[in-house]
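Residue-level structure breakdown
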Amino acid sequence: MRSDSRLSRMLHVLLHMARHDAPFTSEQFAQMLRTNPVVVRRTMAGLRDAGYVRSGKGHGGGWSIACDLQDITLLDIHRAVGGPHLFAIGVESDNPECAVERTVNAALDGALREAEAILIKRLGAITLADLAQNFDAICRDAGLPHA
């Protein structure tokens with residue numbers, strides 16, 4: 001099963017936007033992400049609707065950051081891009097009267113809820129500013145440009 005990479009892909013483009021003065025076009029992002037510009041626009045629309053990015057049309061238009069990086073968490077981005085449930089595994093409920101199914105579901109359900117709560121808490125604690133700071137440190141340590 002293919003994993004959903006919308007969160008990591010959008011974090012990628014957001015960091016590029018945060019460290020670049022000019023707007024990026026959907027075509028530039030599509031080339032960077034090796035995807036179609038339509039896919040980029042569709043995914044970026046969720047970020048625009050949430051107020052995290054803005055888009056401009058025409059010459060000199062494109063996508064740019066519309067808010068303070070300190071105010072946006074990874075969880076915010078996950079929700080804005082319409083990310084799926086955090087875990088693809090789940091429980092079976094074809095036969096709720098079956099004692100085996102109920103036993104298995106009780107064990108899995110609790111574990112999945114706990115794991116999801118931990119992941120949500122962690123994603124909600126990391127801001128785009130944190131990622132930008134880490135990115136800057138990696139670039140500085142490697143002697144690389146920041147854009």
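Along each chain, numbering runs from 1 in the same order as the chain's sequence is written. Selection of residues for local features in this predicted model requires a pLDDT of at least 70, selection of side-chain atom pairs for listing and counting requires 80 or more, and totals for whole chains, interfaces and linings are taken over all residues. Derived side-chain values reflect all non-hydrogen atoms in the structure, with water molecules and hydrogen atoms excluded from consideration.

An unreviewed UniProt entry lists the chain under the name BadM/Rrf2 family transcriptional regulator, from Pandoraea pneumonica.

Moving on: the pattern of salt bridges. Any carboxyl oxygen of Asp or Glu within 4 Å of a side-chain nitrogen of Lys or Arg constitutes a salt bridge here. Within this structure, the stated rule accounts for 4 salt bridges. For the salt bridge of R19 with D136, the shortest nitrogen-to-oxygen distance reads 2.8 Å. Taken together, the residues R19 in the loop between α1 (6-18) and α2 (26-33) and D136 in helix α6 (residues 128-142) connect sequence positions 117 residues apart. Residues D49 and R48 are paired through a salt bridge, measuring 4.0 Å at the closest nitrogen-oxygen approach. The cut-offs for exposure are 20% and 50% of the maximum accessible area for each residue type, with area from a 1.4 Å probe on protein chains only; residues under the lower value are buried, those over the upper are exposed, and the others partly exposed. When its relative accessible area of 65% is taken as the criterion, D49 is described as exposed. Looking at R48, the relative accessible area reads 35%, which means it is partly exposed. We count a stretch as a helix when DSSP gives it H or I for four or more residues in a row; a strand needs E for two or more, and each element gets its number in order from the N terminus.

Our next topic: α6. Between its first and last C-alpha atoms α6 spans 21 Å; for 15 residues at 1.5 Å apiece the expected length is 21 Å, and the two agree. Among the residues of α6, L128, A129, L131, A132, D136 and C139 are the ones counted as buried. Along the axis of α6, the buried positions cluster into a sector of 155°, meaning they face one direction only. In α6, the exposed residues that point more than 90 degrees away from the buried face are Q133, I138 and D141. By definition in these notes, contact holds between two residues if any of their heavy atoms fall within 4.5 Å. In this fold, the buried residues of α6 make contact with α1 and α4 (74-80). Taken from the residues just after α6, G143 is the one with a positive phi, measuring 70°. One less than the residue count of a helix, multiplied by 1.5 Å, gives the span that helix is expected to have. As used here, the arc belongs to the directions running from the helix axis to the C-beta atoms.

Once that is clear, we can look at the packing of α1 against α2. For the pair α1 and α2, the least separation of the axes is 11 Å and the interaxial angle reads 125°. Overall, the two elements α1 and α2 adopt an arrangement that is oblique. Between α1 and α2 lies a crossing of right-handed hand. Of α2, the residues touching α1 (which contributes R9, M10, H12, V13, H16 and M17) are F29, M32 and L33. To get an axis, fit a line to the C-alpha atoms, keeping to the stretch in contact for a helix; angles then go from 0 to 180 degrees between the N-to-C directions. An angle counts as roughly parallel when it lies under 35 degrees, as roughly antiparallel when it exceeds 145, as roughly perpendicular when it falls between 65 and 115, and as oblique in every other case. With the far helix as reference, a near helix turned anticlockwise by less than a right angle produces a left-handed crossing, and one turned clockwise produces a right-handed crossing.

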